[in-house]
Every structure is written in C-alpha cells, then in structure tokens.
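# Tertiary structure, described
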Amino acid sequence: MSHFNFPIDRRGLIKWAASAAAVGVSGAQAQSAWPAKPVTLIVPFPAGGGTDAFARPMSAQFSKLTGKQLIIDNRGGAGGTLGAGVAAKSAPDGYNYFMGAVHHTIAPFMYPKLDYDLERDLVPLILVANVPQVLVVNPKKFQNTDFKAFLEQVKKSPGRFNYGSAGGGTSHHLAGELFKLQTKTFITHIPYRGAGPALQDLIAGNIDMLFDGLGSSAAHIKSGRLKALMVSGTKRNPAFPDVPCSTELGLPDYTVSTWYGIWAPKGTPADAQAHMVEEVRRACQTDEAKAMWAGQGAEFPNLTGPQFDGFIKKELAKWSQVVKASGAKLD
C-alpha cells in the first residue's frame, strides 16, 4: 500500500490551490494565524458510520495541535449527496470543509441529477484514510458459518437474504451488487441513511449482512457482535489476520476499498487550503491517530492536491464501469 505515499511539496500545493481557488473567490482572505476560530468539517453521513470513525479522532488531534476546534457537522441523507451539496454551497472563507468518501465518485452515475458537481464545485485537498471492504454478518443468523458455507446458503435461497447499505449509490451498495455479479447470487438490497443505522440494524438482527468499510465494523467484529467472513483484496488485513481475503476465496476480481478525503468549497483562499492540508496531515500522523487507523485496518495514504485529484479521476472511471456492468439502480 506504499504506492499511496507522495512527498508533500508545500509551495507546489499552494500554487495549485491558488489556481483552483481562482474561480468564485469571494474576496475573503485567510488570516495569517490560521485557524483563528473553529473550523467546520461537514460529514455527509449520520454519526456512527465509517466517515465518523476517522473524522472524529482526526478532529480530536487537530484540536489538540491547533488549539481550535474542528467541529463535525453530520449531514446525512441521499447516499452522502445531501451533505456534499451543502458543502459545495458553504462559504469559501477558509473555515468550511467537507469529508467525502468513495461514495462521491459513485454518485454521479447513480443519481440522475445532483445539485453539485464534485469536480467543479469542490477542491480535493487530502486523502486521509483507505480501508478495505469487509463482508460482515449477524453471528446469530449464520452460526458456525465460514464463507464457503455462507455462499452455499445464499445460492440455495435466491432472494431469501438481504444486505444493508449506507444508501443507494454508496460503495456499500455497489460492493453488494459487484458481489452478486461475481458470485451469481441474488440478495435483496436494503438502503439506509448511513452506515451507522445499517450497522445497528445488522447487530439487532433486522438485516442479514453488510458490505462495509472495515473501519466502521472493526469494533463490532472484535466484540463478537458481528462476524467477518471476507475482506476485500489480494491479502489478509493485518488487523484481522484470521479473516480470509477475497482472492484466496476464489474472487480475485473483488477488490473494493472505502476511502475518505477532505475537500474545500471552490473559492477557498489558497493559504487556508494549504494550512488545512498541513494540519490534517499532522493530526493523522500523531501516535494516537496512527494507532486508531491501524486498529481499524486502515492506512493513511497522504495523497494531496494534484495527486488526490488524479486518484479521484481514476475512481470516477472505475465506478462508472461497475455501475454499467452491474445495472445497479437506486431503490
């Protein structure tokens, strides 16, 4: 996973941010002693989901390092697109930011009309976490079950089982559709207003399974409230070495990861963008944050500015193809 690490060119980042901020600059100037007041981070999902699992510890470290609060503003709904729309329209004054996810590179191909454009209205600043997807089930519903036995059950009873998601068009949804496509199974999709509510219903036994980011499921797997049957990718995750990976289970093309990054509204002053990148990077590299990331099976990619922008473009191209191939639609 070291291919995500790039050196930080602060002068280059400021130059890039300046050109990105040139459109729609409101005239507000970043203060030299940034941050001079609390900073707001819009999280487009309810509390308790995967985005929160990284946003809140990052916020705590940011506040400790800068002496100013990084306020988490949860704006759930519409698969994360409601909050993205709010963020795109927020004041570009250097104190409003957005923590989006892989879902936002899927949404343009799932939603017929969005009130924002990810590439036009928001400036990508830094990729803060990358974590593989994991298939988790309620252990009471699938007792003494490994992946092979689980798959046999699902194949024998098309439509009997269901899976939850953080909402239509999210990576949870598309991960489920890709799984169905590659295993030739049929599982009913149940969309929620975020991963948090879906997780709670899975723990309660109201749904059967979830294709979730390992970050938000990690604590529940460790406690035994959920059982992990498969982690996506070509190798097992160090935080959960007993969970087999999709490649060893005969699904070499099932590679889905959940990532989280920070954007600024277009027009945000270049200096404020650069300061935000630097403080977030410092927050994510504290010992406390490193331990939190490792415990959730995540890495800190440290992709910033143009590199993060290029990564987003590749994700948009990838998910466009997955949506088309799976025929996935909003429920």
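Residues numbered from 1 in each chain as written. Predicted model: local features only at pLDDT ≥ 70, side-chain atom pairs only at ≥ 80, totals over all residues. Heavy atoms only, no water.

## Side note on the confidence of the model for the protein chain
Of all residues in the protein chain, 90% attain a pLDDT of 70 or more, and the chain-wide mean is 89. For the stretch residues 1–8, pLDDT sits under 50, and the model shows 17 contacts to residues farther than four places along the chain or on other chains. Contacts from residues 21–31, a stretch scored under 50 in pLDDT, to residues over four places away or in other chains number 17 contacts. (pLDDT = per-residue confidence, 0-100. Contact = heavy atoms within 4.5 Å.)

## Overview of unusual backbone geometry
Omega for the peptide link from W34 to P35 comes to 0 degrees, which places this bond in the cis form. Note that P35 resides in the loop between helix 1 (10–21) and strand 1 (39–43). For N144, which is not glycine, the phi torsion reads 50 degrees and is therefore positive. Within the secondary structure, N144 sits in the loop between strand 4 (122–137) and helix 6 (147–156). Judged by relative accessible area, N144 falls into the exposed class, the value being 79%. (Helix = DSSP H or I, 4+ residues; strand = E, 2+ residues; numbered from the N terminus. Buried < 20%, exposed > 50% of the residue type's maximum accessible area, 1.4 Å probe, protein only.)

## Some remarks on the nonpolar core
Ranked by internal contacts, the top residues of the largest apolar core, which has 51 residues, are M58, Y97, M99, V128, I262 and M276. It is strand 4 that contributes the most residues to this core, 8 residues altogether. Among all residues touching M276, those that are not within four sequence positions of it are W34, V39, F62, L70, Y97, L125 and I262. Grouped together as the second largest cluster of nonpolar side chains are 46 residues, A87, F98, L135 and L316 included. (Core = buried A, V, L, I, M, F, W, Y, C linked by side-chain atoms within 4.5 Å.)

## Re the packing of aromatic side chains
Each aromatic ring pair is characterised by the separation of its centres together with the angle its planes make. Applying the stated criterion across every chain yields a total of 17 aromatic pairs. When the centroid spacing of 5.0 Å and the interplanar angle of 75 degrees are considered together, the rings of F54 and W293 count as edge-to-face. Of this pair, F54 sits in helix 2 (residues 50–66) while W293 sits in helix 11 (residues 287–295), and the two are 239 residues apart along the sequence. Look at F54 and you get buried, because its relative accessible area is 0%. For W293, a relative accessible area of 2% translates into the label buried. With 5.2 Å between their ring centres and 55 degrees between their planes, W263 and F308 make a pair best called tilted. Of this pair, W263 sits in strand 9 (residues 257–265) while F308 sits in helix 12 (residues 305–326), placing them 45 residues apart in sequence. We classify F308 as buried; its relative accessible area is 0%. Members of the aromatic cluster, joined through ring pairs, are F142, F147, F150, F161, Y163, F179, F211 and Y254. Above the plane of the ring of Y95 lies K37, whose end atom (NZ or CZ) is 4.9 Å from the centre. (Phe/Tyr/Trp six-rings, centres within 6.5 Å; stacked < 30°, edge-to-face > 60°. Lys NZ or Arg CZ within 6 Å of the ring centre and 35° of its normal.)

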